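Structural characterization, general
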Amino acid sequence: MKNIILIGFMGSGKSSVSHHLSYTLKMQEIDTDKYISDEQKMSIPEIFSQKGEEYFRDLETNLLKNLQNKNSLIISCGGGMPLREENQKLLKILGTVFLLTASPETTFNRVKNNNNRPLLNDNMNLEYITKMIESRKDKYLKTADFVIDTDNKTISEICNEIKNLVD
Ligand code: S3P
């Protein structure tokens, strides 16, 4: 089975959807943030503050390269994975790419009480999130095979949409 790849902005539901898909489709899941954090033995905020964002982005690219011969995985990507053109290509080769989207308001409500996202920590407001989603939109769309809107949907409804598209 081809890999199922989940991309999307922070708070778009990638982790929850990945867990549910992994359980119902009996496919192993890889969360790129968790993988990188385990491998580096540092949290994502620690990697950003001690090594910098570019270092983290290099780790993301390396991970995508290392996954290239694998299949039957659910791969849940950190929100910035599709920013590099190189990663966009690697993601497309790796499997079927689903972009999860949510309105800025929904996104803000999902992330506002969380402090483990270094790019939002000093900018936790609707205006900033709206601008950031807009600035990334083209890269997300370019990378995606399918776009799934998650606003006002349950995790199982979202997963059913994805399952119907991969069947
Ligand atoms: C990031 C998203 C985060 C994490 C890092 C950077 C981004 O992942 O990779 O904080 O640039 O959008 P989540 O989308 O899982 O929060």
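Above this note sits the structure.
Residues numbered from 1 in each chain as written. Predicted model: local features only at pLDDT ≥ 70, side-chain atom pairs only at ≥ 80, totals over all residues. Heavy atoms only, no water.

**Structural notes on the sheet that holds strand β1 (residues 3-7)**
For the record, the criterion: A pair of strands is considered paired only if DSSP assigns at least 2 bridges between the two. Think of it this way: any DSSP run of H or I at least four residues long counts as a helix, any run of E at least two long counts as a strand, and we number them from the N terminus. Between N-to-C directions, angles span 0 to 180 degrees; the directions come from axes that are lines fitted to C-alpha atoms, helices contributing only their stretch in contact.
The strand order across the open sheet built from five strands is β2-β3-β1-β4-β5, with neighbouring strands paired in parallel fashion. Whereas interior strands pair on both sides, the edge strands pair on one side only; in this sheet they are β2 (28-31) and β5 (146-149). Strand-to-strand twist of the sheet, defined as the mean angle between neighbouring strand axes without regard to direction, takes the value 25°. Pairing between strand β4 (residues 95-101) and β5: four bridges, direction parallel. Among the inter-strand pairings, L100 is bridged to a residue of β5, identified as I148.

**Let's talk about helix α3 (residues 44-51)**
Put simply, the rule reads: Only protein chains enter the calculation, and the probe is 1.4 Å; a residue is then buried if its accessible area is under 20% of its type maximum, exposed if over 50%, and partly exposed in between. Each C-beta atom gives one direction from the helix axis, and the arc is the one those directions make. Residues count as neighbours in contact if any of their non-hydrogen atoms are within 4.5 Å of one another.
Listing the buried residues of α3 in full gives I44, I47 and F48. The buried side chains of α3 occupy one side of the element, clustering within an arc of 95° when seen end-on. Turned more than 90 degrees away from the buried face of α3 sit S49 and Q50, all of them exposed. Buried residues along α3 sit against α2 (32-40) and α4 (53-66). A positive phi of about 95° marks G52, the residue just after α3.

**Details of the site of the ligand**
The condition is simple: If a single non-hydrogen atom of a residue is within 4 Å of a molecule or strand, that residue counts as near it. Under this definition, polar contacts are N or O atom pairs within 3.5 Å; protein pairs additionally need one hydrogen-donor-capable and one acceptor-capable atom, and for neighbouring residues in sequence, both atoms have to be side-chain atoms. Here the accessible surface of atoms and residues is derived via Shrake-Rupley with a 1.4 Å probe, and residues count as covered only by protein chains that are part of the display. Polar here means any residue other than Ala, Val, Leu, Ile, Met, Phe, Trp, Tyr, Cys and Pro, which are nonpolar, and Asp, Glu, Lys and Arg, which are charged; Gly is therefore polar.
Surrounding the ligand, one finds 14 residues, the nearest of these being K14, D33, R57, R117 and R136. Within the contact set of the ligand, an oxygen atom lies 2.6 Å away from a side-chain nitrogen or oxygen of R117. Out of a free accessible area of 390 Å², the ligand has 93% covered by protein chains. Class assignment for the residues of the shell around the ligand results in six nonpolar, three polar and five charged.

**What to know about the pairing of β1**
In terms of burial, β1 is largely enclosed, as five of its five residues are buried. Burial along β1 is two-sided: N3, I5 and I7 and I4 and L6, pointing in opposite directions, are all buried. Taken together, the five bridges between β1 and β4 define a ladder with parallel strand orientation. Directly across from I5, in β4, lies its bridge partner V97. In terms of strand pairing, β1 meets strand β3 (residues 73-76) through three bridges, oriented parallel. From the neighbouring strand, I5 faces β3, where its bridge partner is I75.

**As for the environment of L63**
Inspection of the secondary structure assignment puts L63 in helix α4. Taking the relative accessible area as the measure of exposure, L63 reaches 4% and is therefore buried. Considering only alpha carbons, one finds L63 and Y35, 28 residues apart in sequence, at a separation of 8.6 Å. Other than its neighbours up to four places away in sequence, L63 contacts T32, Y35 and I36.

Purely geometric numbers; function is a separate question.
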